[in-house]
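# Structure at a glance
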Amino acid sequence: MDLAAFTREERKYNSLWQNEYKDANWGKLARSLVKRIPKYKKIIDLGFGKGTALEFFERKGYHTEGVDISSYVVKVQRERSKKVHQASLDNLEIFKDKEFNVGFCNDVIEHVPEDLIVSSLDEIVRICSDFLFISICPESSHHLSLDGEKLHLTVKPKQWWEEKLKKYGKVEQLTFWFRRSLRY
């Protein structure tokens, strides 16, 4: 992501989080991860927002770090002694290859511009050695930025997302009742 786009997105999400923007429903995907992944694994929460999933994983005994584009949420979580970093998903050079066993990305990737989806997935897969738990909303968001901008920058059908994900390995859809997001 170029500097102008990064600055624009950072400003957008700083403003939203400072004005009571809510985390997406992360609980079902997080509980599914906990059932499948041993506690000694390292998890990276990609787009951690308010940090509620970070706290959940820590309470469950996982070593957890987070990354978000918003400097505001990074500051808030660092004040809570969380190990978090500011970055865009297409540029995770602050992390080594396979530094984490598991990536957790809940309703975040659709906020990435379409031209950066592949580079973002490449970076996520580069830093995660074993699994990626990802939730993707294939529909436009009913939420807008405070300036009236759309939040979901990549709105594509299920098949499009699955084709992108298959490049990286086996894709297993996790089914939850009454949710519009796709869970893998």
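Fair warning: this is a prediction, and the values are worked out from it, not measured in the lab. (Residues numbered from 1 in each chain as written. Predicted model: local features only at pLDDT ≥ 70, side-chain atom pairs only at ≥ 80, totals over all residues. Heavy atoms only, no water.)

Moving on: the overall build of the protein chain. Each helix and strand counted, the protein chain has six helices and six strands in total. Ordering the α and β elements of the protein chain from the N terminus gives α-α-β-α-β-α-β-β-α-β-α-β. Scored against the burial criterion, the 184 residues of the protein chain give a buried share of 49%. The long-range share in the protein chain, meaning contacts at least 24 apart out of those at least 6 apart in sequence, stands at 70%. Of the side-chain charges in the protein chain, 32 are positive and 28 negative, and the distance between the mean point of each set is 7 Å. (Helix = DSSP H or I, 4+ residues; strand = E, 2+ residues; numbered from the N terminus. Buried < 20%, exposed > 50% of the residue type's maximum accessible area, 1.4 Å probe, protein only. Contact = heavy atoms within 4.5 Å. Lys, Arg positive; Asp, Glu negative; His and termini not counted. Charge placed at Lys NZ, Arg CZ, Asp CG, Glu CD.)

Topologically, S88 is positioned in the loop between strand 3 (84-86) and strand 4 (100-106). Engagement of the side chain of S88 in a polar contact is seen with the side chain of D90, the distance being 2.6 Å. In this structure S88 touches M1, F6 and I69, once residues within four positions along its chain are discounted. (Polar contact = N/O pair within 3.5 Å; in protein donor to acceptor, adjacent residues only side chain to side chain.)

A few words now on the pattern of salt bridges. Side-chain pairs of opposite charge can arise where the charged atoms are in close proximity. What the rule picks out here adds up to 13 salt bridges. As a salt-bridge pair, K167 and D122 come within 3.2 Å of each other at their nearest N and O atoms. Linking K167 in the loop between helix 6 (158-166) and strand 6 (182-183) with D122 in helix 5 (residues 117-127), this pair joins segments that are 45 residues apart in sequence. Judged by its relative accessible area of 32%, D122 falls in the partly exposed class. Across the pair E123 and R126 runs a salt bridge, and its minimum N-O distance is 2.8 Å. You can see E123 and its partner R126 sitting in helix 5, three residues apart, about one turn around the helix. Look at E123 and you get buried, because its relative accessible area is 14%. A relative accessible area of 21% means that R126 is categorised as partly exposed. Here the residues in one salt-bridge network are R8, E9 and K12, joined through shared partners. (Salt bridge = Lys/Arg side-chain N within 4 Å of Asp/Glu carboxyl O.)

Structurally, a disulfide amounts to a covalent bond that connects the sulfur atoms of two cysteines. Per the stated rule, a full pass over the model turns up zero disulfides. With no disulfide of its own, C128 lies 9.4 Å from the sulfur of C105, the closest cysteine sulfur. Using a relative accessible area of 7% as the deciding quantity, one classes C128 as buried. With no disulfide of its own, C137 has C105 as its nearest cysteine by sulfur position, at a separation of 13 Å. For C137, a relative accessible area of 2% puts it in the buried group. (Disulfide = S-S within 2.5 Å.)

What follows covers the packing of aromatic side chains. Tallied over the full model, the rule gives seven aromatic pairs. On the basis of an interplanar angle of 65 degrees and a centroid distance of 5.6 Å, the ring pair of F56 and F57 is categorised as edge-to-face. The buried category is assigned to F56, whose relative accessible area is 9%. When its relative accessible area of 0% is taken as the criterion, F57 is described as buried. Plain terms: the ring middles of F131 and F133 are 6.4 Å apart, the flat faces sit at 50 degrees to each other, and that makes the pair tilted. Classification of F133 by relative accessible area gives buried; the value is 6%. Members of the aromatic cluster, connected to one another through ring pairs, are W26, F56, F57, Y62 and F104. (Phe/Tyr/Trp six-rings, centres within 6.5 Å; stacked < 30°, edge-to-face > 60°.)

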